[in-house]
Amino acid sequence: MYSPFHQLRKPVDQQNALENVSQFPAHLVPGRTIAAAAVNEDSCEFGSPKYFALCGLGGIVSCGLTHTMVTPLDLVKCRLQVDPAKYKNLINGFKVTMADEGVRGLAKGWAPTAMGYSIQGLGKFGLYEYFKILYADLLGEENAYYWRTSLYLAASASAELFADVGLVSFESIKVKIQTTPGFANTMREAVPKMLKQEGVSAFFKSLVPLWMRQIPYTMMKFACFERTVELIYAHVVPKPRADCSKGEQLIVTFAAGYIAGVFCAVVSHPADTLVSKLNQEKGASSIDVLKKIGFGGLWKGLGPRIIMIGTLTALQWFIYDSVKVTLNIPRPLPPAPPKTKSE
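Residues numbered from 1 in each chain as written. Predicted model: local features only at pLDDT ≥ 70, side-chain atom pairs only at ≥ 80, totals over all residues. Heavy atoms only, no water.

- An unreviewed UniProt entry annotates the protein chain as Phosphate carrier protein, mitochondrial originating from Acyrthosiphon pisum.
- In its Function (unreviewed entry) section, the UniProt entry covering the protein chain states "Transport of phosphate groups from the cytosol to the mitochondrial matrix."
- Among the UniProt annotations of the protein chain, the heading Sequence similarities (unreviewed entry) holds the following wording: "Belongs to the mitochondrial carrier (TC 2.A.29) family." (UniProt positions renumbered as here; feature names shortened; annotations may be inferred.)

**Here's the deal with the overall build of the protein chain**
Here comes step 1: Counting secondary structure elements, the protein chain contains twelve helices and zero strands.
Here comes step 2: The order of α-helices and β-strands along the protein chain, N terminus first, is α-α-α-α-α-α-α-α-α-α-α-α.
Here comes step 3: Across the 343 residues that make up the protein chain, the buried fraction comes to 54%.
Here comes step 4: Considering only contacts in the protein chain between residues 6 or more positions apart, those separated by 24 or more positions represent 78%.
Here comes step 5: Accessible area of the protein chain: about 14900 Å², with a carbon and sulfur share of 66%. (Helix = DSSP H or I, 4+ residues; strand = E, 2+ residues; numbered from the N terminus. Buried < 20%, exposed > 50% of the residue type's maximum accessible area, 1.4 Å probe, protein only. Contact = heavy atoms within 4.5 Å. Areas by Shrake-Rupley, 256 points an atom, 1.4 Å probe, with all protein chains shown as cover.)

**A closer look at helix α5 (residues 110-139)**
For the α-helix, the turn length of 3.6 residues means that residues three or four positions removed from each other point alike.
Here comes step 1: The terminal C-alpha atoms of α5 lie 42 Å apart, and with 30 residues this matches the ideal 44 Å at 1.5 Å per residue to within 8%.
Here comes step 2: At L127, α5 is bent by approximately 25°, the largest bend along its length.
Here comes step 3: Of the residues flanking the end of α5, it is G140, one or two places downstream, whose phi is positive at about 90°. (Expected span 1.5 Å × (residues − 1). Bend = angle between axes of the 7 residues up to and from the residue.)

**A word on the packing of aromatic side chains**
Here comes step 1: Scanning all chains against the criterion turns up 16 aromatic pairs.
Here comes step 2: Between the aromatic rings of Y130 and F131, the centroid separation amounts to 5.4 Å while the plane-to-plane angle is 70°, which identifies the pairing as edge-to-face.
Here comes step 3: For Y130, a relative accessible area of 29% puts it in the partly exposed group.
Here comes step 4: Residue classification places F131 among the buried positions, given a relative accessible area of 11%.
Here comes step 5: A network of ring pairs unites the aromatic residues F46, Y51, F52, Y130, F131, Y135 and F162 as a single cluster.
Here comes step 6: Over the face of the ring belonging to Y145 we find R148, whose NZ or CZ atom lies 4.3 Å from the ring centre.
Here comes step 7: Lying across the ring of F183, K176 places its NZ or CZ 5.2 Å from the centre. (Phe/Tyr/Trp six-rings, centres within 6.5 Å; stacked < 30°, edge-to-face > 60°. Lys NZ or Arg CZ within 6 Å of the ring centre and 35° of its normal.)

**Description of the nonpolar core**
Here comes step 1: If you look at the biggest cluster of nonpolar residues, it comprises 32 residues, and the most contacted ones within it are Y51, F125, Y128, F225, Y233, V237 and W317.
Here comes step 2: Listing elements by their share of this core, those giving two or more residues are α2 (49-69), α5, α7 (148-179), α9 (207-235), α10 (246-280) and α12 (302-326).
Here comes step 3: With seven residues, the single largest contributor to this core is α9.
Here comes step 4: One finds I177, A184, M194 and F203 within the second-largest nonpolar core, a separate group that totals eleven residues. (Core = buried A, V, L, I, M, F, W, Y, C linked by side-chain atoms within 4.5 Å.)

**Some thoughts on the environment of I91**
Here comes step 1: The topology assignment puts I91 in helix α4 (residues 90-101).
Here comes step 2: The spacing of I91 and V76 is 15 residues in sequence and 9.0 Å in space, taken between C-alpha atoms.

**Considering the packing of α7 against α9**
Axes are the key here: two packed helices are described by the angle between their axes and the distance separating the axes.
Here comes step 1: Where α7 meets α9, the closest approach of the two axes is 7 Å, and the angle between their N-to-C directions is 140°. In terms of orientation, α7 and α9 fall into the oblique class. Crossing of α7 over α9 shows right-handed handedness.
Here comes step 2: The class makeup of the residues in the contact of α7 with α9 is 14 nonpolar, four polar and eight charged. (Axes fitted to C-alpha atoms, helices over the stretch in contact; angles between N-to-C directions. Parallel < 35°, antiparallel > 145°, perpendicular 65-115°, else oblique. Left-handed = near helix turned anticlockwise from the far one by under 90°. Nonpolar A, V, L, I, M, F, W, Y, C, P; charged D, E, K, R; others polar.)

**Some words on the side chain of S172**
Here comes step 1: Its place among the elements puts S172 in helix α7.
Here comes step 2: In this structure the side chain of S172 is engaged in a polar contact, spanning 3.3 Å, whose partner is the side chain of S206. (Polar contact = N/O pair within 3.5 Å; in protein donor to acceptor, adjacent residues only side chain to side chain.)

**Digging into the packing of helix α3 (residues 71-82) against α7**
Here comes step 1: The geometry of α3 relative to α7 is characterised by a closest axis approach of 9 Å and an angle of 70° between their N-to-C directions. With respect to each other, α3 and α7 are oriented roughly perpendicular. Two secondary-structure elements touch here, α3 through T71, D74, L75, C78, R79 and V82 and α7 through K174, Q178 and T179.

**A closer look at the confidence of the model for the protein chain**
Here comes step 1: Averaged over every residue, the pLDDT of the protein chain is 84; residues scoring 70 or more account for 86%.
Here comes step 2: Mean pLDDT values for the elements of the protein chain range from 42 in helix α1 (residues 12-19) up to 96 in α5. (pLDDT = per-residue confidence, 0-100.)

**Re unusual backbone geometry**
Here comes step 1: Of note, the phi angle at N328 is positive, near 55°, even though the residue is not glycine.
Here comes step 2: As for its position among the elements, N328 is in the segment after α12.

Here is the structure:
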């Protein structure tokens, strides 16, 4: 798949060799990760099915691992949203949970979290790379560069639309386990109970609120991250990205990821609260929940979520870039203005 507006830079000897291979495109949309200083050959062709599969694998590792790691924080955040009278703040939430259920209680919902967000990560990152190239091809080289923020937003929204279909049932199970006292301790206990009480709809009733939460979140996650990386290299780092070590590049990745994560948490939090309440209350609709908790109730638990999502997003980009480096996946540098015909 050809993509018109970024050049994959390599050491001079490799670049000269590549330019002699007619089928290798010179200008590429950013695969968006670290530009490795090493001279290793790429493990696949940019934009090939293998490229997208490996990007999806990076998404599985980054999303599945990070979301599972923060399960205790996610559990307390959900309980703050659905029962603020009992769980008054983050620290109190941890204390009350451990007093009621012990330390093991903090791990409730880890299995559906691991499975659901691994599936979501596959779609989120793999399809983002696919749609980014597809839309750039449609726009053309010059438009793809000057409209790159809109391109990032459109590609990430398209990817998340599909990724959430794979996530929603696992998210419903997770929230039910974490927010309904005495309902179930494991995924194996929860699934048959949910089927018996509400049927198959129990696993998919929160899909639209999940889209409302995840699509704005993902649009901010990718677009803000991509542009923040550009700004950091342009105005903060005192040397070109190509001259930075892998460690220095990873520091930039983590910093840009955390900045993006803070914005992600704020724009997606009301819908996150809605998802938690919907999965807690049997038979409730989004309108019922909104009437019950009001506008102010939609913002309960924002502080813990900023901490969680900021850390989560930073770690996800860090891991995703590390996977790309490890597997020698093509890693273009940040975008540069296209050359004019006179140049």
